[in-house]
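Each chain, letter by letter, is given below.
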Amino acid sequence: MRIPISAVHLPAGVEEEVLAVLRSGQLAQGARVKALEDRVADLLGVAHVVAVSNGTAALVAALRSLRLPEGSEVVTSPFTFVATVNACLMAGLNVRFADIRTDDFALDPTSVAAAIGPQTRCLLPVHLYGQTADLPALRSLASTHDLRLVEDAAQALLARHGDRMAGSWGTGCFSLYATKNLTSGEGGLISTDDDEQAAWLRAYRNQGMVERYVYELLGENIRMTDLQAAVALPQLDVYDANVAARRRNAEQLRAGLADVEGLVLPAELPGRHHVWHQFTVLVEDDAPISRDELIESLAADGVGSGIYYPRLLGDYPHLGNDPRVVVGETPVAARIARTCLSLPVHPSVSEDDVDHVIRSVRRALDAVA
Ligand SMILES: *Cc1c(COP(=O)(O)O)cnc(C)c1O
């Protein structure tokens, strides 16, 4: 594909950092993991960041750290990567889906309010594609109903709502998987302002050990390695520049596709700072060709695209039939899953590439300028 939907884009300093770790003999969790935690905590404006082996592990550990009674219910989005729901079930919690909004693709506070029941203990919004959910409304619901707030910010590192970062409203969970805005190949981060929760998480990721052979809780090994941290650290120096490149690409796509009928374009909502992990359009039912035909036509032009995500999680039988998962009616999410399509927006996409994407989309949708 001439213009892939995602590409790993590492700054020059990474090779040197990784070599330094290889030569140091300290390959497992050490000073570089600590440096990564401290830098991200500083950027997020939170007291603690705990690094773990991947984003799913971050979600499981964050949910377990709440120490909720087994079978407590988490209200979350059905339109997300499966890890969000896997993590709830793995942490011994039940799931109830609420519907999402078309403007931010995230939990709709009205639908969440209707979903909250006597067993609900936690809200788990997913900040999809790099923009936060409506955090002020969700936090206010959480405080009214005495619920915990865990944020799946895997796609939204340094996204903001007002002047507060994603992951700083509740317990934040981030992924450093290869396709994310910041990557260590595999990796995860948990953010919290709560000293006790952070101490619990540090013990949990390391077999429940608080000191060598002093085990205080049932933990596991989900540590990050210094090799992984060495891959991620230099990317923080260019993170803002990369988001600026994503933003330029998003603005160019929005301008070039604004008048195309049958296409709904994504927008940065007022008061929010989008980090443009994905640029996701909706190919409406009245568009001249179907979404699948558009994908094929783009591929023939060398333009990669992706469906994130093709089905609601409740539509997978092993989840939808699981008695711990309450699926309910989520018509907005269903429509979005049927019509969404992500176009290349990452920093390796040049201005000429974006022009090519725009021309290809317009030609396919009969909107030749
Ligand atoms: C990537 C991702 C995860 C899981 O992260 P991993 O590092 O792959 O385990 C969870 N939720 C969302 C929304 C994601 O995009």
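Chemist: Could you give an account of the site of the ligand, with specific residues and numbers?
Modeler: Gly55, Thr56, Asp152, Ser175 and Lys180 are the nearest of the 17 residues found near the ligand. Gly55 is positioned such that a nitrogen or oxygen atom in its backbone is 2.8 Å from an oxygen atom of the ligand. The contact in question runs from an oxygen atom of the ligand to an N or O atom on the side chain of Gln155, over 2.8 Å. In the complex, 93% of the free accessible area of the ligand, which totals 380 Å², lies under the protein chains. Looking at the shell around the ligand, the elements that each hand over two or more residues are helix H3 (55-65) and helix H4 (83-90).

Chemist: How would you summarise a nonpolar patch on the surface if you had to cite specific residues and measurements?
Modeler: On the surface, Leu19, Leu22 and Leu27 cluster together into a nonpolar patch covering about 250 Å² of accessible area. Mapped onto the elements of the fold, Leu27 is located in the loop between helix H1 (13-24) and helix H2 (31-44). A relative accessible area of 38% places Leu27 in the partly exposed class.

Chemist: Go over the sheet that holds strand S13 (residues 272-273) with me, naming the residues and quoting the values.
Modeler: A sheet is described by the order of its strands in space; here three strands give the open sequence S7-S6-S13, paired in antiparallel fashion. Each edge of the sheet is formed by a strand with only one pairing partner; in this case those strands are strand S7 (164-165) and S13. Pairing between strand S6 (residues 160-161) and S13: two bridges, direction antiparallel. Paired with Arg160 across the two strands is His273, which belongs to S13.

Chemist: For helix H6 (residues 135-144), give the residues involved together with the corresponding values.
Modeler: All buried positions along H6 are accounted for by Leu135, Leu138, Leu141 and Ala142. Taken end-on, H6 shows its buried residues confined to a sector of 125°, consistent with a single buried face. In H6, the exposed positions that point more than 90 degrees away from the buried face belong to Ser143 and Thr144. Packed against the buried residues of H6 are helix H5 (109-115), strand S4 (120-124), strand S5 (148-152) and S6. One or two steps after H6, the chain reaches Asp146, where phi turns positive at roughly 60°.

Chemist: Let's hear about the side chain of Asp104: which residues, and what values?
Modeler: Residue placement: Asp104 occurs in the loop between strand S3 (94-97) and H5. The class of Asp104 is buried, set by a relative accessible area of 0%. Apart from the residues lying within four places of it in its own chain, the contact partners of Asp104 are Gln131, Thr132, Ala133, Asp134, Leu269 and Arg272.

Chemist: Give a description of the pairing of strand S14 (residues 279-283) that names residues and reports values.
Modeler: Every other side chain in a regular strand lies on the same face of the sheet, so the side chains alternate between the two faces. Burial runs high along S14: five of the five residues are buried. Going residue by residue along S14, you find Phe279, Val281 and Val283 tucked away on one face and Thr280 and Leu282 tucked away on the opposite face as well. Note that strand S12 (residues 263-264) and S14 share two bridges and pair antiparallel. Its bridge partner being in S14, Val264 is matched across the sheet by Leu282. Note that S14 and strand S16 (residues 340-343) share four bridges and pair antiparallel. Bridge pairing in S16 links Val281 to Leu341.

Chemist: Give a detailed account of the sheet that holds S14, specifying residues and quantitative values.
Modeler: Within a sheet, adjacent strands bond to each other through the backbone by hydrogen bonds, running parallel or antiparallel. In space, the three strands of this open sheet follow the order S12-S14-S16, with antiparallel pairing throughout. The open sheet has two free edges, formed respectively by S12 and S16, since each of these has just one partner strand. Along the sheet, helix H12 (residues 331-339) makes contact with S14 and S16, crossing S16 at roughly 50°.

Chemist: Requested: an account of a negative patch on the surface, with residues and values cited.
Modeler: Together, Asp193, Asp194, Asp195 and Glu196 give the surface a local cluster of negative charge. Looking at the element boundaries, Asp193 is found in the loop between strand S9 (188-192) and helix H7 (195-204). The class for Asp193 is partly exposed, based on a relative accessible area of 48%.

About the criteria used
- Each chain has its residues counted from 1, running along the sequence as written.
- A pLDDT threshold of at least 70 governs which residues receive local features in this predicted model, and a stricter bar of 80 or more applies before side-chain atom pairs are shown or counted, although totals over entire chains, interfaces and linings include all residues.
- In computing side-chain values, all of the structure's heavy atoms are included and hydrogens and water are not.
- We define proximity as follows: a residue is near a molecule or strand when any one of its heavy atoms falls within 4 Å of that partner.
- Counting of polar contacts relies on pairs of N or O atoms within 3.5 Å, with two restrictions inside protein: one atom must be capable of donating a hydrogen and the other of accepting it, and residues adjacent in sequence are counted only when both atoms are side-chain atoms.
- Each accessible area value is a Shrake-Rupley result obtained with a 1.4 Å probe; residue values ignore everything except the protein chains displayed when judging cover.
- Runs of E in the DSSP output that reach at least two residues are strands. Runs of H or I that reach at least four are helices, and both are numbered from the N terminus.
- Only residues whose relative accessible area exceeds 30% and that form no salt bridge are eligible for patches; like-charged ones are grouped when within 9 Å, while nonpolar side chains (Val, Leu, Ile, Met, Phe, Trp, Tyr) are grouped when within 5 Å.
- When a carboxyl oxygen of Asp or Glu lies within 4 Å of a side-chain nitrogen of Lys or Arg, that pair is called a salt bridge.
- Here the term buried applies to any residue with accessible area under 20% of the maximum for its type, exposed to any over 50%, and partly exposed to those in between, with areas from a 1.4 Å probe on protein chains only.
- Think of it this way: DSSP has to see at least two bridges between two strands before they count as a pair.
- In this description, one arc is meant: the one made by directions from the helix axis to the C-beta atoms.
- Any two residues having at least one pair of non-hydrogen atoms within 4.5 Å are treated as being in contact.
- Comment: axis = line fitted to C-alpha atoms, over the contacting stretch for helices; angle = value between 0 and 180 degrees taken between N-to-C directions.
- All tallies of charge rest on Lys and Arg as positive and Asp and Glu as negative; His and the ends of each chain are not included.
- Charge positions are represented by NZ for Lys, CZ for Arg, CG for Asp and CD for Glu.

It is worth stressing that arrangement in space is one thing and function is another; only the former is reported here.
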